[in-house]
Amino acid sequence: MSSVNLMAREVAAKIVFYGPGLSGKTTSLRKIYETVRPAHRGEMMSIATEGDRTLFFDFLPVKVERVGDCSVRLALYTVPGQVFYNATRKLVLQGADGVVFVADSQPDAMDANRESLANLEENLYEHGIRLDRFPLVMQWNKRDLENVLSVEQLRQELNPRLVPDFETAATNGRGVLDTLKAITRLVIKDLRAKRIVPPPRPVAPVGGTQPAGLEAQLAQHLQHRQPPAQHAAAPSGHGPAVAMMPTPVPHRPSGSFPAIAPPPRVEPVVAAPPPPIAPVSQAASTKLLGAVSALAPGDLFDHARAAEAAFMAGNYSTCVTACTDAIRRSLAFAGEGTLAQQAFLLRVDGADLLRIQGLATQQHLRVDDAAFALYVLMQTFVRLNAVGLPASE
């Protein structure tokens, strides 16, 4: 089962080498082990019989330097080829993110290849996975032997979907790493499609520098969203605006003591009533950003403004509802899973989420309840900004 560390942008994925007995699965893993630099590999564990057949499974952890802007750790497994170890096959296959099917290219092994491929499809189906929607790469092994089947024959019999396939000779390593690279790309692509792996971060423009830290990201948000300067006579802010109107100094006769002018008279100018509680478009907004909307990603900007408008209007129930909806949408950027799993990945306080959910079911809410909801929403936006989610197009 894949796991993602959003903060470190590191992905751990499981890939299983599947195929009939003696097709070259374990030999492929050994060649990968010999090729990968020691700093990027773990220990290879193998349990085999006297006949050099894999009895249970092989396991080889490998670190791939970069895939996009994510570092990747692969857990490579093989399964026993013998049919009577199907329970072990099924167990090892559980939680796999991709499969390399290692087929024996010799003519007399075709029946075993077909049987093993059908067994793979059946075992995946029992895990709720369809083979035609699963990352799969075909490895035509033993191409260094004589009298092997042609690639066209193998494709016709075993690869009607025309998934990526490679000719390999596991004994000397030819094509094995190419197969590993191909299945890794498919797995990462599949995890991104499922929104498990974060998309690549935007690349800094040529001659520019990448924003450093959360503070720089927030400054960038404010710079992009700051509205144009208002006319000097226009009132600003949410509350009543005031205009300073100086009182003229009365005329005094020549030679008299100077008269003390009264202080300037302040006359209140009543501002327009607050806007109705509705999403406010960024382009139409002519007011300075509130604390929540300043932190909001572009996709959630309108939701943040709606929550702020409800709070300013005293509609605290509407504010809590808007915050709850925005928080759920924010956590969805962490990938699929329950609300608790998404909150854990983003390191959002679970106790705060429980309290927010409780407030959303109440009818009569106070100002401190709405303020707390805005606080939790701001904290969620801070976590999204810290990990670079959602990435800009």
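Look up: the structure comes first, before these words.
Now for a look at the structure at hand.

Rules used in this analysis
- Residues numbered from 1 in each chain as written.
- Predicted model: local features only at pLDDT ≥ 70, side-chain atom pairs only at ≥ 80, totals over all residues.
- Heavy atoms only, no water.
- Helix = DSSP H or I, 4+ residues; strand = E, 2+ residues; numbered from the N terminus.
- Buried < 20%, exposed > 50% of the residue type's maximum accessible area, 1.4 Å probe, protein only.
- Contact = heavy atoms within 4.5 Å.
- Areas by Shrake-Rupley, 256 points an atom, 1.4 Å probe, with all protein chains shown as cover.
- Expected span 1.5 Å × (residues − 1).
- 1 Å grid on protein atoms, 1.4 Å probe; cavity = no way out; pocket = protein on both sides within 12 Å on 5 of 7 lines; lining within 4 Å.
- Points joined across faces, edges and corners; volume = space filled by probe spheres on them.
- Nonpolar A, V, L, I, M, F, W, Y, C, P; charged D, E, K, R; others polar.
- Polar contact = N/O pair within 3.5 Å; in protein donor to acceptor, adjacent residues only side chain to side chain.
- Disulfide = S-S within 2.5 Å.
- Core = buried A, V, L, I, M, F, W, Y, C linked by side-chain atoms within 4.5 Å.

1. A short note on the overall build of the protein chain
Within the protein chain one finds 12 helices and 10 strands. Per-residue burial for the protein chain yields a buried fraction of 41% across its 393 residues. Considering only contacts in the protein chain between residues 6 or more positions apart, those separated by 24 or more positions represent 67%. Surface summary for the protein chain: the accessible area is close to 21,800 Å², and the carbon and sulfur share equals 57%.

2. Side note on helix α8 (residues 301-312)
Its 12 residues place the ends of α8 17 Å apart at the C-alpha level, agreeing with the 16 Å of an ideal helix rising 1.5 Å per residue. The set of residues buried in α8 consists of Phe301, Ala304, Arg305, Ala306, Ala307, Glu308, Ala309 and Ala310. Positioned one or two residues after α8, glycine 314 has a phi angle of 80 degrees, which is positive.

3. Quick word on empty space enclosed by the protein
Inspection of the entire model under this criterion finds 1 cavity of 30 Å³ or more. In terms of lining residues, the largest cavity is bounded by Thr324, Ile327, Arg328, Leu339, Leu353, Ile356 and Gln357. Every element with two or more residues in the lining of the largest cavity is listed here: α9 (316-331) and α11 (350-360). The residue makeup of the lining of the largest cavity, split by class, is 4 nonpolar, 2 polar and 1 charged.

4. Quick word on the side chain of serine 28
Residue position: serine 28 is located in helix α1 (residues 25-35). Taking the relative accessible area as the measure of exposure, serine 28 reaches 0% and is therefore buried. Among the polar contacts made by the side chain of serine 28, one reaches the main-chain carbonyl oxygen of glycine 24 at a distance of 2.8 Å. Filtering out sequence-adjacent residues up to four positions away, serine 28 remains in contact with Phe17, Gln139, Ala170 and Val176.

5. What to know about the state of the cysteines
All told, the structure shown has 0 disulfides when counted by the stated rule. Cysteine 323 provides the cysteine sulfur closest to cysteine 319, a residue in no disulfide bond, and the two sulfurs are 4.2 Å apart. Residue class for cysteine 319 comes out buried when judged on its relative accessible area of 0%. On the accessibility criterion, cysteine 323 (0% relative accessible area) is buried.

6. Overview of the nonpolar core
Grouped together as the largest cluster of nonpolar side chains are 33 residues, with contacts concentrated most on Cys323, Ile327, Leu331, Leu346, Leu377 and Phe381. Of all the secondary-structure elements, those providing two or more residues to this core are α7 (291-295), α8, α9, α10 (339-346), α11 and α12 (367-387). In terms of residue count, the dominant contributor to this core is α12 (9 residues). Beyond its immediate stretch of four places on either side in the chain, phenylalanine 381 contacts Val292, Leu295, Ala296, Pro297, Leu300, Ala304 and Ser330. Counting 26 residues, the second-largest nonpolar core is a separate cluster that includes Val99, Leu117, Leu124 and Leu154.

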